[in-house]
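# Structure at a glance
Each chain, letter by letter, is given below.
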Amino acid sequence: MHDEFKAQELLDLKRQHPQAKVLVHPESPADVVALADAVGSTSAILKAARELDATDFIVATDNGMLHKLRTLNPGKTFHEAPTAGHSATCKSCAHCPWMAMNGLADVARVLETGANAIAVDPALIPRARQPIDRMLAFTAALRSGQPAGALVPHLGAA
């Protein structure tokens, strides 16, 4: 879902809201991440919205976060970053119905019972781990105080 954010459409929205700070999930395309004022996980985005000296934000992650952001930050405005645009496959919203179907109870059930197990070709595992390793490295760097911008080029690597 994060791949659907488009830099040009984000720039257009920034022109409409020039004072808005941009909050982006690190799985977004590198050109979108480059436009961000804060890049991070769900908890990092929640923290940035709380701590940044701004009242207007553009959020480039699953739109399910908007309700939580608005609830935790009364008096602040949150705009959904657009996913439509040239080459977008999802033209409706920043919502991943597949992510919304998952919950901790479901994950626990799968781990406990093996139900709905997914078999992955062992040859694909190293490539499949890359985005997970990148997210973990990104979070670790943020916790250690390393600037997020130093990791941006790494995020776009294959």
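Just so it is clear, the model here is predicted, and its values are computed rather than measured.

Reading the values: the criteria
- In this numbering scheme, every chain counts its residues from 1 along its sequence in written order.
- Since the coordinates come from a predicted model, pLDDT governs what is reported: local features require at least 70, and pairs of side-chain atoms require 80 or more to be given and counted, while whole-chain, interface and lining totals use all residues.
- Side-chain metrics in this entry use all non-hydrogen atoms of the structure; hydrogen atoms and water are not considered.
- Salt bridge, as applied in this entry: a Lys or Arg side-chain nitrogen positioned within 4 Å of an Asp or Glu carboxyl oxygen.
- Only DSSP runs of H or I covering at least 4 residues are called helices, and only runs of E covering at least 2 are called strands; the numbering of each starts at the N terminus.
- Per-residue accessibility, obtained with a 1.4 Å probe over protein chains only, is compared with the maximum for each type, and a residue is labelled buried under 20%, exposed over 50%, and partly exposed between these values.
- Criterion used throughout: strands pair if DSSP finds at least two bridges between them.
- Paired rings are identified among Phe, Tyr and Trp, the last through its six-membered ring, by centres lying within 6.5 Å, and are further divided according to the angle between planes into stacked (under 30 degrees), edge-to-face (over 60) and tilted (the rest).
- N or O atoms within 3.5 Å of each other form a polar contact, as long as, within protein, one can give a hydrogen and the other can take it, and as long as residues adjacent in sequence are counted only when both atoms are side-chain atoms.
- Contacts are assigned to residue pairs that have any heavy atoms within 4.5 Å of one another.
- Axes here mean lines fitted to C-alpha atoms, for a helix over just the part in contact, with angles spanning 0 to 180 degrees between N-to-C directions.
- Crossovers are described as right-handed under a simple rule: with the strands pointing away from the observer, the path leading from the first strand over the helix to the second runs clockwise.
- Throughout, a crossing is termed right-handed when the near helix is turned clockwise from the far one, and left-handed when it is turned anticlockwise from it by less than a right angle.
- Throughout, the ten residues Ala, Val, Leu, Ile, Met, Phe, Trp, Tyr, Cys and Pro are labelled nonpolar, Asp, Glu, Lys and Arg are labelled charged, and all others, Gly among them, are labelled polar.

### Remarks on the pattern of salt bridges
- This model, assessed by the stated rule, comprises three salt bridges.
- Linking aspartate 12 and arginine 15 is a salt bridge whose minimum nitrogen-to-oxygen distance equals 2.6 Å. Within this pair, aspartate 12 and its partner arginine 15 are both found in helix H1 (residues 7-16), separated by three residues, close to a single helical turn.
- Overall, aspartate 12 belongs to the partly exposed group, its relative accessible area being 32%.
- What makes arginine 15 exposed here is its relative accessible area of 54%.

### Let's talk about helix H6 (residues 104-113)
- Of all 10 residues in H6, zero are buried; the element is thus mostly exposed.
- Looking one or two residues past H6, glycine 114 carries a phi angle of roughly 80°, positive in sign.

### Quick word on the pairing of strand S4 (residues 77-80)
- Alignment of strand S3 (residues 56-60) against S4, held across four bridges, turns out to be parallel. In the strand pairing of S4, valine 59 is matched with glutamate 80.

### Some words on the packing of aromatic side chains
- Counting across every chain of the model gives one aromatic pair.
- When the centroid spacing of 5.2 Å and the interplanar angle of 10° are considered together, the rings of phenylalanine 57 and phenylalanine 78 count as stacked. Here the residue phenylalanine 57 occupies a position in strand S3, and phenylalanine 78 occupies one in strand S4, the gap between them amounting to 21 residues. Across this residue pair, the class does not change: phenylalanine 57 and phenylalanine 78 are buried.

### Describing the side chain of asparagine 73
- Summarising the element assignment, asparagine 73 is placed in the loop between helix H4 (64-72) and S4.
- For asparagine 73, a relative accessible area of 6% translates into the label buried.
- Of the polar contacts made by the side chain of asparagine 73, one reaches the backbone oxygen of leucine 69; its length is 2.9 Å.
- Discounting residues that sit within four places of it in the chain, asparagine 73 has contacts with Ala49, Arg50 and Phe78.

### Regarding the sheet that holds S4
- Taken together, the four strands give an open sheet; going across it, the order is S2-S1-S3-S4, and neighbouring strands pair in parallel fashion. Only two strands of the sheet have a single partner each, and these edge strands are strand S2 (38-39) and S4.
- Packed on one face of the sheet, H1 meets strand S1 (21-24), S3 and S4 and runs near 170° to S3.
- Set on the sheet, H4 makes contact with S3 and S4; between it and S4 the angle comes to about 175°.

### A word on the pairing of S3
- Burial analysis of S3 places five of its five residues in the buried class, the great majority of the element.
- Bridge count between S1 and S3: four bridges; the pairing is parallel. Note that in S3 the partner of leucine 23 across the bridge is valine 59.
- Crossover handedness for the path S3 to H4 to S4: right-handed.

### Examining the packing of helix H3 (residues 42-51) against H4
- Remark: H3 packs on H4, axes separated minimally by 10 Å, with the N-to-C direction vectors making an angle of 35°. Remark: the crossing between H3 and H4 carries right-handed chirality. Between H3 and H4, the contacting residues are Thr42, Ile45, Leu46 and Ala49 on the first element and Met65, Lys68, Leu69 and Leu72 on the second.
- For the contact of H3 with H4, the class distribution of residues is six nonpolar, one polar and one charged.

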